[in-house]
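A look at the structure
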Amino acid sequence: MAFHHFRLCLFLSFLIFLGMASAQLSTNFYSSSCPNALSTIKSAVNSAINNEARMGASLLRLHFHDCFVNGCDASILLDDTSNFTGEKTALPNVNSVRGFDVVDTIKSQVESACPGVVSCADILAVAARDSVVALGGPSWTVRLGRRDSTTASLNTANSDIPAPTLNLSGLISSFSNKGFSASEMVALSGSHTIGQARCTTFRARIYNETNIDASFQSSLQANCPSSGGDNNLSPLDTQSPTTFDNAYFTNLVNNKGLLHSDQELFNGGSTDSQVNTYRTRSTTFFTDFANAMVKMGNLSPLTGTNGEIRTNCRKTN
């Protein structure tokens, strides 16, 4: 009897541990401490996107580049100082990641309503969701309660954010390292239905690769010379660059993936069938994307007494 009691206690302890692990973030975290937090963020995001539709993709990407570097802790927002090196100058981020001013605006509005309550990491997570919704994509419930880091890692940003030059096995490996399946990687890649990329990230593809539509290739070369013009922009999805839809996957089937890593998802490999499914079933893509975004938002958050709630997202308190 005593042994059974011990086993029951052990089992209950295990359940409590699991509950703590999953309940560190909650959907109603600010319901009493800052009840207007979510509506404030949404309003600011909608305003920013109305001003510049591209900003939706930029805010989504900020969250992704934050979470893939030691978890969703707003480390990407920290500015370099004389004695601190942040992540903004990492190769995947420099001259590329943007939207910091919009985050500053959101933070100041939230701070006015509820000083010292809402983290920058949670702002990034909510702004990513609100951006996707504003551009016609799916919604999901964002779990909240992340706290902000007091550190950042340039080296991890350089090593862990997947590069546009990766082949399929490299993409699968990069996402697997963060706990994602290959199918979740394909779903998250669908975020490239919005946003722009710089010439330097796709030059090699449009001048050296053969699995590319000829007219698409010519139009890109006109805007991205073989040398120079590194920062010239082209939309990741030429069909509907400011609408969150499944056109990205249609582009891939037609050999119109902008980045090498995009076209790798449909190039005779293991993910071809999933790309075809998303091309014909946008609801399936939307559901899978939303679920994968929830999972990404749960990557190694700082909770409880770990980290801090930054007053200014660009610097530690």
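One structure accompanies this document, and this report is about it. On a predicted model such as this, the values are computed, not experimentally measured, just so you know.

1. A few points about the overall build of the protein chain
Along the protein chain, the regular secondary structure elements total 14 helices and two strands. When the backbone C-alpha atoms are referred to their principal axes, the protein chain occupies close to 70 × 50 × 35 Å. By residue count, 48% of the 317 residues in the protein chain fall in the buried class. Long-range pairs, those at least 24 residues apart, make up 75% of the contacts in the protein chain with a sequence separation of at least 6. Accessible surface computed for the protein chain: about 14,200 Å², of which carbon and sulfur atoms make up 52%. Where the 22 positive side-chain charges of the protein chain centre and where its 24 negative ones centre are 3 Å apart.

2. Brief notes about the state of the cysteines
Throughout the structure, instances matching the rule amount to four disulfides. The disulfide that involves C120 links it to C313, with 2.1 Å between the sulfurs. Taking the torsion about the S-S bond as the criterion, the C120 to C313 disulfide, at about -95°, is left-handed. Within this pair, whereas C120 is found in helix α5 (residues 120–134), its partner C313 is found in the segment after α14 (282–297), the two being separated by 193 residues in sequence. Of the two residues, C120 and C313, neither departs from the other in class, the shared state being buried.

3. Describing the packing of aromatic side chains
Inspection of every chain in the model, using the stated rule, returns 16 aromatic pairs. When the centroid spacing of 4.7 Å and the interplanar angle of 65° are considered together, the rings of F64 and F68 count as edge-to-face. Take F64 and F68: they sit in the same class, and that class is buried. Where F244 meets F289, the ring centres are 4.9 Å apart and the plane angle is 55°; that geometry is what we call tilted. Here the residue F244 occupies a position in the loop between β2 (233–235) and α11 (247–253), and F289 occupies one in helix α14, the gap between them amounting to 45 residues. Exposure remark for F289: the relative accessible area of 0% places this residue in the buried category. One aromatic cluster in this structure is built from W140, F244, Y248, F249, Y278, F285, F286 and F289.

4. What about the environment of V133?
Inspection of the secondary structure assignment puts V133 in helix α5. On the accessibility criterion, V133 (32% relative accessible area) is partly exposed. Note: C-alpha distance between V133 and T243 (110 residues apart in sequence) is 9.8 Å. Excluding anything up to four places from it in sequence, V133 contacts P138 and S139.

5. Examining the layout of surface pockets
Looking at the largest pocket, its volume works out to about 1,100 Å³. Contributing elements (two or more residues each) for the lining of the largest pocket: α3 (55–67), α7 (168–176), α8 (182–189), β1 (196–198), α9 (199–208), α12 (260–263) and α14. The element that contributes the greatest number of residues to the lining of the largest pocket is α3, accounting for seven residues. Residues belonging to the lining of the largest pocket are distributed by class as follows: 26 nonpolar, 16 polar and eight charged.

6. Describing unusual backbone geometry
Here the phi dihedral of N95 falls at roughly 55°; this positive angle occurs in a residue that is not glycine. Judged by relative accessible area, N95 falls into the exposed class, the value being 61%.

7. Side note on the pattern of salt bridges
Summed over the entire model, instances satisfying the criterion amount to twelve salt bridges. Salt bridges here are not isolated pairs; linked through shared partners, they connect D79, K88, D101, D104 and R314.

Criteria and cut-off values
- Residues numbered from 1 in each chain as written.
- Predicted model: local features only at pLDDT ≥ 70, side-chain atom pairs only at ≥ 80, totals over all residues.
- Heavy atoms only, no water.
- Helix = DSSP H or I, 4+ residues; strand = E, 2+ residues; numbered from the N terminus.
- Buried < 20%, exposed > 50% of the residue type's maximum accessible area, 1.4 Å probe, protein only.
- Contact = heavy atoms within 4.5 Å.
- Areas by Shrake-Rupley, 256 points an atom, 1.4 Å probe, with all protein chains shown as cover.
- Lys, Arg positive; Asp, Glu negative; His and termini not counted.
- Charge placed at Lys NZ, Arg CZ, Asp CG, Glu CD.
- Disulfide = S-S within 2.5 Å.
- Phe/Tyr/Trp six-rings, centres within 6.5 Å; stacked < 30°, edge-to-face > 60°.
- 1 Å grid on protein atoms, 1.4 Å probe; cavity = no way out; pocket = protein on both sides within 12 Å on 5 of 7 lines; lining within 4 Å.
- Points joined across faces, edges and corners; volume = space filled by probe spheres on them.
- Nonpolar A, V, L, I, M, F, W, Y, C, P; charged D, E, K, R; others polar.
- Salt bridge = Lys/Arg side-chain N within 4 Å of Asp/Glu carboxyl O.

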